[in-house]
Amino acid sequence: MLRESMQIERQAVDLGRVTQGDDAGVAVPHAALLLAFAEAVVSRDAQRVAAARSALRTVLGEAGLVDAAAITAAFHGFVRLADATGIPYTNAAGGKDRPEIREAAGVNEFYRVKEAS
């Protein structure tokens, strides 16, 4: 989704940097705050979530915070739903996903670590 929206906007995005929490050079307004919020949600750290939520509300307003929270929840939910239903990643997108995107985003590394444990 990020890749597609950036292509529509004729912007480049380095998925590796995004998945590492590096917002340098990312052409997304308030990228650092948005990344901090997403990371806080995924970490399930209530104090970090509260601080990030407060910062987003200050900068984006209530409606912007709601949008950011909805998007973060949706993406977090997609992964949890796939894991809960046992969808193997190798079958995702009917096997038609793009391997270079998986590698750039660090998805392959996640599955290598998961298989090793």
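All values reported here derive from a predicted model rather than from experimental measurement. Counting of residues starts from 1 at the beginning of each chain's written sequence and follows it residue by residue. Per-residue local features are limited, in this predicted model, to residues with pLDDT of at least 70; the limit for side-chain atom pairs, both in listing and counting, is 80 or more; totals at the level of whole chains, interfaces and linings are taken over all residues. Side-chain numbers here rest on the full set of heavy atoms in the structure, without hydrogens or water.

1. Brief notes about the overall build of the chain
So, step 1. A run of DSSP states H or I qualifies as a helix once it reaches four residues; a run of E qualifies as a strand once it reaches two. Both are numbered from the N-terminal end. Per the secondary structure count, the chain includes six helices and zero strands.
So, step 2. Counting only residues that meet the buried cut, the chain has 15% of its 117 residues in that class.
So, step 3. Summarising the internal contacts of the chain: among those between residues at least 6 apart in sequence, 38% fall at separations of at least 24.
So, step 4. Using a 1.4 Å probe, the Shrake-Rupley method yields the accessible areas, and only the shown protein chains count as cover for residues. Accessible surface, the chain as shown: approximately 8,200 Å² in total, 60% of it carbon and sulfur. Burial classes follow relative accessibility: with a 1.4 Å probe on protein chains only, a residue under 20% of its type's maximum area counts as buried, one over 50% as exposed, and anything between as partly exposed. We call two residues contacting when some pair of their heavy atoms lies within 4.5 Å.

2. Notes on the confidence of the model for the chain
So, step 1. For the chain, the mean per-residue pLDDT works out to 75, and 56% of the residues sit at or above 70.
So, step 2. For the chain, helix 6 (residues 107-116) is the element with the lowest average pLDDT, namely 60, and helix 4 (residues 46-85) is the one with the highest, namely 88. How sure the predictor is of each residue is captured by pLDDT, a score from 0 to 100.

3. Looking at the side chain of threonine 72
So, step 1. By the secondary structure assignment, threonine 72 is in helix 4.
So, step 2. Residues within four places of threonine 72 in sequence aside, it is in contact with Phe37, Ala38 and Val41.

4. Re the pattern of salt bridges
So, step 1. Salt bridge, as applied in this entry: a Lys or Arg side-chain nitrogen positioned within 4 Å of an Asp or Glu carboxyl oxygen. Tallying each qualifying case throughout the model produces one salt bridge.
So, step 2. The partner of glutamate 62 in a salt bridge is arginine 57, and the shortest N-O contact between them spans 2.9 Å.
So, step 3. What makes glutamate 62 partly exposed here is its relative accessible area of 46%.
So, step 4. The class of arginine 57 is partly exposed, set by a relative accessible area of 35%.

5. Details of helix 3 (residues 31-43)
So, step 1. With 13 residues, helix 3 should cover 18 Å at 1.5 Å per step; its first-to-last C-alpha distance of 18 Å lies within 8% of that length.
So, step 2. The positive-phi residue at the C-terminal boundary of helix 3 is arginine 44, with phi of around 60°. By this rule, a helix spans an expected 1.5 Å times one less than how many residues it contains.

6. Here we look at unusual backbone geometry
So, step 1. In this structure, histidine 30 is a non-glycine residue whose phi angle is positive, near 60°.
So, step 2. As for its position among the elements, histidine 30 is in the loop between helix 2 (15-19) and helix 3.
So, step 3. Even without a glycine there, the phi angle at arginine 44 is positive, about 60°.
So, step 4. We classify arginine 44 as exposed; its relative accessible area is 56%.

7. Some details on a nonpolar patch on the surface
So, step 1. Every patch collects residues that have over 30% relative accessible area and no salt bridge, joining them within 9 Å if they carry like charges and within 5 Å if they are nonpolar side chains (Val, Leu, Ile, Met, Phe, Trp, Tyr). Taken together, the side chains of Ile71, Phe75, Phe78 and Val79 make up a nonpolar region of the molecular surface, amounting to roughly 390 Å² of accessible area.
So, step 2. The residue phenylalanine 78 is located in helix 4 in this model.

8. Concerning the nonpolar core
So, step 1. Grouping buried Ala, Val, Leu, Ile, Met, Phe, Trp, Tyr and Cys residues that are joined through side-chain atoms within 4.5 Å yields what is termed a nonpolar core. The biggest cluster of nonpolar side chains holds seven residues, and these are Phe37, Ala40, Val49, Ala52, Leu56, Leu65 and Ala68.
So, step 2. Each residue touching valine 49, except ones within four places of it in the same chain, is listed here: Phe37, Ala40 and Val41.

9. Examining the environment of phenylalanine 37
So, step 1. Relative to the helices and strands, phenylalanine 37 resides in helix 3.
So, step 2. Looking at phenylalanine 37, the relative accessible area reads 5%, which means it is buried.
So, step 3. As a C-alpha pair, phenylalanine 37 and alanine 55 span 18 residues in sequence and 8.9 Å in three-dimensional space.
So, step 4. Filtering out sequence-adjacent residues up to four positions away, phenylalanine 37 remains in contact with Val49, Ala52, Arg53, Leu56, Ala68, Ala69 and Thr72.

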